[in-house]
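This is what each chain is made of:
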Amino acid sequence: MGMNGNFWKRKKVLVTGYEGFLGSNLTKELIRLKSAVSGLDIVTRRKHTVLSGDFGKIRIYKGSVEDFDLVSKIMADNRIEIVFHLAATSIVGDALCNPLKAFSTNICGTWNILEAARKNKLVKAVIIASSDKAYGSQSKLPYREDSPLSGSHPYDASKSCADILASTYYHTYGLPVSVTRCGNIYGPGDLNFSRIVPDALRCIKQNKTLIIRSDGKFTRDYIYVEDIVSAYLLLAFRMRDSSIKGEAFNFSNESPLSVLALLKKIYRYAGVNPGYKITGQAKYEIKHQYLCAAKARRLLMWRPRYNLDDGLRETIKWYKDYFAKKY
Ligand SMILES: NC(=O)c1ccc[n+]([C@@H]2O[C@H](COP(=O)([O-])OP(=O)(O)OC[C@H]3O[C@@H](n4cnc5c(N)ncnc54)[C@H](O)[C@@H]3O)[C@@H](O)[C@H]2O)c1
């Protein structure tokens, strides 16, 4: 990330959802780049994350993005220049069980961030985490940024809405905002054990049979977290450029694969084959989705550095260490 390294020094940055999987990895990198980071999350000081040793190096706020006054105060008190808005109900199943909570966090949370940034004249870049799910189910794949946003289940729809709100603030108020859409991110620090990679590795550790909720044939993008951290940093860095503001970007390594093909690789690199059970009970999940990243390649010169094999090897190493500490 050397290319934009100096840019980040002493930059005043707010990361919402800084304790989460992506947030903790991004915050750790911002600390390394010597930014002045403020972090907002409803859960603070989690143990055993990639950030656990670094809490003293950031300004921590415990609270919700649903609280407009809190969000505005954090931006004003810290003279925030760049906002990474990652806080969300991020698990599809959680949003399905509790749609009001997901809508409130993901939609109201996003409009609060956008409105607070609009009122705070110092903010120069807002990056909003949308998702490949924002596109909903489409017959034409891969998704391109001009594919319609038509999520039709709670998590997906919440991301379509957040995405449209970001674009609204750009088109109406000229807010310097851009949107990221990526597929499944994996890597060190993901403690959401309902996701396939952490789930598979925990099942290996606990010698349990992995339950696959789909038929195993759903296709997805899988991208290493470090590549997404570099994408977010690059996007924020490039926001001074008028061709980048107001735009949405897909980030993907453009090699989609099925859940079963992914598992085969995980078992190979973990050196075990504990087996799995296919239940096929996944309802309201899109069968095939993957992204075209040509726009990010062309306009941002972004390239992922990790292929799936290298990314999985790094990930497995991290979880081995994590499980050794935890159990
Ligand atoms: N991980 C992926 O594969 C992926 C893919 C596409 C998009 N995304 C999006 O990227 C963002 C980060 O994802 P992640 O994997 O790190 O998720 P995560 O669940 O690990 O992190 C989200 C964080 O937000 C916090 N949070 C939840 N509600 C909040 C609220 N009301 N106020 C403040 N904080 C709150 C959570 O405590 C958590 O720490 C999310 O917006 C997610 O929807 C993730």
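See above for the structure.
One structure accompanies this document, and this report is about it. (Residues numbered from 1 in each chain as written. Predicted model: local features only at pLDDT ≥ 70, side-chain atom pairs only at ≥ 80, totals over all residues.)

### Overview of the overall build of the protein
Heads up, the rule is: Numbering of helices and strands runs from the N terminus; a helix is a DSSP stretch of H or I covering at least four residues, while a strand is a stretch of E covering at least two. Partly exposed residues are those falling between the two cut-offs: more than 12 but fewer than 20 other C-beta atoms within 10 Å of their own, whereas 20 or more means buried and 12 or fewer means exposed, with C-beta atoms placed from the backbone. Contacts here follow a simple rule: the backbone-placed C-beta atoms of the two residues must lie within 7 Å.
In terms of helices and strands, the protein carries 11 helices and 13 strands. If one aligns the C-alpha atoms of the protein with their principal axes, the spans along those axes are about 55 × 45 × 40 Å. Counting all 327 residues of the protein, 47% fall into the buried class. In the protein, 78% of the contacts between residues at least 6 apart in sequence involve partners at least 24 apart.

### Here we look at the packing of helix α5 (residues 99–119) against helix α6 (residues 154–173)
Under the convention used in this document: Axes here mean lines fitted to C-alpha atoms, for a helix over just the part in contact, with angles spanning 0 to 180 degrees between N-to-C directions. Here the angle decides the label: under 35 degrees means roughly parallel, over 145 means roughly antiparallel, 65 to 115 means roughly perpendicular, and every other value means oblique. Crossing chirality is assigned from the near helix's rotation relative to the far helix, an anticlockwise turn below a right angle marking it left-handed and a clockwise turn marking it right-handed. Each residue is assigned to one of three groups, with Ala, Val, Leu, Ile, Met, Phe, Trp, Tyr, Cys and Pro labelled nonpolar, Asp, Glu, Lys and Arg labelled charged, and all others, Gly among them, labelled polar.
Put simply, α5 and α6 touch, their axes get as near as 9 Å, and they point 15 degrees apart. Relative to α6, the element α5 is oriented roughly parallel. Note that α5 runs across α6; the crossing there is right-handed. Listed contacts from α6 to Pro99, Ala102, Phe103, Asn106, Ile107, Thr110, Trp111, Leu114 and Arg118 of α5 are Pro154, Tyr155, Ser158, Lys159, Cys161, Ala162, Leu165, Ala166, Tyr169 and Tyr173. Here the residues of the contact of α5 with α6 sort into 14 nonpolar, three polar and two charged.

### Here we look at the nonpolar core
For the record, the criterion: The term nonpolar core refers to a set of buried Ala, Val, Leu, Ile, Met, Phe, Trp, Tyr and Cys residues connected through C-beta atoms within 7 Å.
Within the largest apolar cluster, 87 residues are counted, with the highest numbers of intra-cluster contacts made by Val83, Val126, Ile228 and Tyr232. It is helix α8 (residues 225–237) that provides the largest number of residues to this core, a total of 10 residues. If near-sequence neighbours (up to four positions away) are discounted, Ile228 is found in contact with Leu22, Cys182, Ile185, Ile223 and Phe251.

### Some thoughts on the sheet that holds strand β11 (residues 248–251)
In sheet architecture, strand pairing relies on hydrogen bonds along the backbone and comes in two forms, parallel and antiparallel. Applied cut-off: Two strands qualify as a pair provided DSSP detects at least 2 bridges between them.
Across the sheet, seven strands lie side by side as β3-β2-β1-β4-β5-β6-β11; this open sheet has parallel pairing. Two strands in the sheet have a free side with no partner beyond their single neighbour: β3 (59–62) and β11. The average angle at which neighbouring strand axes cross in this sheet is 20 degrees, direction not considered. In this sheet, strand β5 (residues 125–129) lies alongside strand β4 (residues 82–85) in parallel orientation, the contact comprising four bridges. By the bridge assignment, Ile82 is partnered in β5 with Ala125.

### Observations concerning the environment of Asn253
Along the chain, Asn253 turns up in the loop between β11 and β12 (257–258). Residue classification places Asn253 among the buried residues on the basis of 22 C-beta atoms within 10 Å. Those residues in contact with Asn253 that sit more than four places away from it in its chain are Ile223, Pro304 and Asn307.

### Examining the site of the ligand
What counts, and what does not: Here, nearness means that the C-beta atom of a residue, built from backbone geometry, sits within 6 Å of the molecule or strand in question.
Contacts to the ligand come from 27 residues, most closely from Gly17, Gly20, Ala87, Ala88 and Ser90. In terms of residue count, helix α2 (residues 21–32) provides more of the shell around the ligand than any other element does, three residues in total. When grouped by side-chain class, the residues that make up the shell around the ligand number 12 nonpolar, 12 polar and three charged.

### Observations regarding helix α11 (residues 308–326)
To keep things clear, this is the line we draw: Helices are assigned an expected span. That span is 1.5 Å times one less than the residue count. Summarising the geometry, the arc corresponds to the directions from the helix axis toward the C-beta atoms.
Here α11 spans 26 Å end to end across 19 residues, near enough to the 27 Å set by a 1.5 Å rise per residue. Residues of α11 that are buried: Leu308, Gly311, Leu312, Thr315, Tyr319 and Tyr322. What you see down the axis of α11 is that its buried residues fit within an arc of 90 degrees, all on one side. Projecting away from the buried face of α11 at angles above 90 degrees are the exposed residues Asp309, Asp310, Lys317, Asp321, Ala324 and Lys325. Residues of α11 that are buried make contact with β7 (184–186), α7 (196–206), β10 (222–224) and α9 (259–270).

### Some thoughts on unusual backbone geometry
Residue Pro142 follows Leu141 across a cis peptide bond; omega there is -5 degrees. Residues other than glycine seldom take positive phi values, yet Lys34 does so here, at roughly 70 degrees. Take Lys34: it is sitting in the loop between α2 and β2 (36–41). Lys34 gets classed as partly exposed once you count the C-beta atoms within 10 Å, which come to 14. We note that Arg45 has phi near 55 degrees; this positive angle belongs to a residue other than glycine. Here Arg45 is to be found in the loop between β2 and β3.

### A closer look at the environment of Gly183
For Gly183, the position within the fold is in the loop between β6 (177–182) and β7. Sequence separation between Gly183 and Phe251 is 68 residues; the distance between their C-alpha atoms is 7.6 Å. Once residues within four sequence positions are removed from consideration, Gly183 is found in contact with Asp132, Arg220, Asp221, Tyr222, Ile223, Ser252, Gln289, Tyr290 and Leu291.

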